[in-house]
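What follows is each chain in one-letter form.
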Amino acid sequence: MSALPVSVITGFLGSGKTTLLSRLLRDPAFARTAVIVNEFGEVGLDHLLLEAGSEEIVLLEGGCLCCQARGDLVRTAGELLARRSRGEADFERIVVETTGLADPAPILQALMRDRELAGELRLESVIATVDCTAGDATLDAHPESVKQAALADRLVLTKADLADPGALAERLRRLNPSAPQLVAQHGEIDANLLFGFSVHEHRDLPLHAQHFHSITETQTFCLRRSRPLHAVTLALFLQVLAEHCGARLLRLKGLVDVVESPGRPAVIHGVQHVFHPPAFLDAWPDDDRGTRMVVISQGLERAWMEDLLEALEDEVKVCSIS
Amino acid sequence: MSSHRTARVARVLSGALRLWGVPAAVERDPDQVDGLVLRTPSGGSLQVAAREPHGWLLRRDGRVLGSHAGLPGLLRTLRDEL
């Protein structure tokens, strides 16, 4: 059985996550979706506000997923999958709605790290909502919101009917240039633009201006390489990043041209020190045949990562010759 | 090993030191071809020498601290020693 897609909807308090999800669940094409809602507080309300097209809405209370309730998320996702395999539930996708204060990185880690879940679920996308009316001030005042936007595969600008998204959109483009931006008016958006793609798909980054700084030191850049890498080099590179970069590596995703797998690029995906085992596509998804890795980090140097990659490849070549 | 490869490894080690927040400097070792020296502000030093046919030796005051086939092991031991 192929792995079930799981998406995470994040965004700061009041940015429109629940409205967005509620509208999405009304879409018949999106009805077979199990939803895990995390609320921070004694009494959860969001799950009641979701006008259920889905029969599978689970509320996780008692703490935020990113700090106290990670185990609950893993357990709940496991229970949903078990019910599905017994034929008691019928869904083809899981969506996790985080609290407004959540750091999405530990949530992604929890989903990727669990041995049983990692085989049954695949991270499809991280979607962050940003409120056009208050988004700028929120980014200034709340580092959590910066991280939410920086880690996203898709950015949804909400409440665009109330405020012009222009300046905010530009700021978000500097913060996360690889994430396409979608504008939602009254929460309406085409679900096909948010789901049904893989994390390795990203908008191309400019070749010469790939390094962006925000006030909170979150940077996004793209490592590119025209020559293929040995598979061992890739494994060693990811190992060094996992061992030494830790929490500074918010996210890494990309396609890698591997010597031993011509024409079949490796998809890599990692959050902090947790990496999915590389998966291989049957073919390149576009005309670009080069390695590209999008790095979202706090304080990692692009030049250092390039030097590390080249130095490891040098060593692997020497080893294979000697 | 060519000089540009040694320079690249020096940059990798320098970057790792910054990543770990260790205020040490990486210099070429005047006594060792393809060798590097890591000097800490307190006056301590570690020597990194290329090992034949490939790999690295890490020494402190002539005593071998580790012998590694590649950079991942060298970086791990360096971090432990620093």
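Everything numeric in this text was worked out from a predicted model, so none of it was measured. (Residues numbered from 1 in each chain as written. Chains lettered and ligands numbered in written order. Predicted model: local features only at pLDDT ≥ 70, side-chain atom pairs only at ≥ 80, totals over all residues. Heavy atoms only, no water.)

Caption draft 1: Local environment of the overall build of chain A. Assigned secondary structure in chain A consists of 11 helices and 13 strands. Burial analysis of chain A (322 residues in total) assigns 56% to the buried set. The long-range fraction of contacts in chain A, counting pairs at least 24 apart against all pairs at least 6 apart in sequence, stands at 75%. (Helix = DSSP H or I, 4+ residues; strand = E, 2+ residues; numbered from the N terminus. Buried < 20%, exposed > 50% of the residue type's maximum accessible area, 1.4 Å probe, protein only. Contact = heavy atoms within 4.5 Å.)

Caption draft 2: Summary view of the overall build of chain B. Summing up its helical and strand segments, chain B has two helices and five strands in all. When the helices and strands of chain B are placed in sequence order, the string is α-β-β-β-β-β-α. Against the compact-globule benchmark of 12 Å for 82 residues, chain B has a radius of gyration of 11 Å, which places it among compact chains. With the C-alpha coordinates of chain B rotated into their principal frame, the extents come out at 30 × 25 × 25 Å. Burial analysis of chain B (82 residues in total) assigns 49% to the buried set. Taking all contacts inside chain B whose residues are at least 6 apart in sequence as the whole, residues at least 24 apart take part in 25%. When the accessible surface of chain B is summed, it comes to about 4,100 Å², and 48% of that surface belongs to carbon and sulfur atoms. (Rg over C-alpha atoms; globule rule 2.2 N^0.38 Å. Areas by Shrake-Rupley, 256 points an atom, 1.4 Å probe, with all protein chains shown as cover.)

Caption draft 3: Seen up close, the sheet that holds strand S5 (residues 63-68) of chain B. Residues and elements named next belong to chain B. Across the sheet, five strands lie side by side as S1-S2-S3-S4-S5; this open sheet has antiparallel pairing. Strands at the two margins of the open sheet, each flanked by one partner only, are strand S1 (25-28) and S5. Along the sheet, successive strands turn relative to each other by an average axial angle of 25 degrees, direction set aside. For strand S4 (residues 56-60) and S5, the ladder comprises five bridges, and the chain directions are antiparallel. When the bridges of S5 are listed, Arg59 appears paired with Val64. Across the face of the sheet, helix H2 (residues 71-81) comes into contact with strand S2 (36-39), strand S3 (45-50), S4 and S5 while running at roughly 15 degrees to S4. (Pairing = 2+ DSSP bridges. Axes fitted to C-alpha atoms, helices over the stretch in contact; angles between N-to-C directions.)

Caption draft 4: Focus on the nonpolar core. Counting residues in each nonpolar core, the largest one holds 48 residues, and the members touching the most others are A:Ile94, A:Leu121, A:Leu155 and A:Leu172. Looking at which element gives the most residues to this core, the answer is helix H4 (residues 104-113) of chain A, with six residues. Beyond its immediate stretch of four places on either side in the chain, A:Leu155 contacts A:Ala128, A:Val130, A:Ala149, A:Leu172, A:Asn176, A:Ala179, A:Pro180, A:Gln181 and A:Leu182. In terms of nonpolar packing, the next biggest core, distinct from the first, is built from 47 residues, A:Leu223, A:Leu249, A:Leu300 and B:Ala16 among them. (Core = buried A, V, L, I, M, F, W, Y, C linked by side-chain atoms within 4.5 Å.)

Caption draft 5: The arrangement of the pattern of salt bridges in detail. Residue and element names in this part refer to chain A. Under the counting rule described, the total for this entry stands at 25 salt bridges over all chains. For Arg32, the salt bridge is made with Asp90, and the minimal N-O distance between the two is 2.8 Å. Here Arg32 is found in the loop between helix H1 (17-26) and strand S2 (33-38), whereas its partner Asp90 is found in the loop between helix H3 (70-85) and strand S4 (93-97), with 58 residues between them in sequence. Judged by relative accessible area, which is 54%, Asp90 ranks as exposed. Notably, a salt bridge pairs Lys147 with Asp103, separated by 2.7 Å at the nearest N-O pair. Taken together, the residues Lys147 in helix H7 (residues 143-150) and Asp103 in the loop between S4 and H4 connect sequence positions 44 residues apart. If you follow the salt bridges from partner to partner, you end up with Arg224, Asp286, Asp288 and Arg292 in one network. (Salt bridge = Lys/Arg side-chain N within 4 Å of Asp/Glu carboxyl O.)

Caption draft 6: Spotlight on the confidence of the model for chain A. Residues and elements named next belong to chain A. For chain A, mean pLDDT is 81; residues scoring 70 or higher make up 82% of the total. The least confident element of chain A, judged by mean pLDDT, is helix H2 (residues 46-49) at 50; the most confident is helix H10 (residues 231-244) at 94. Taken as a whole, residues 48-54 scores under 50 in pLDDT and shows 19 contacts with residues more than four places along the chain or in a different chain. With pLDDT under 50 throughout, residues 202-216 is counted as low confidence; its partners more than four residues away or in other chains account for 38 contacts. (pLDDT = per-residue confidence, 0-100.)

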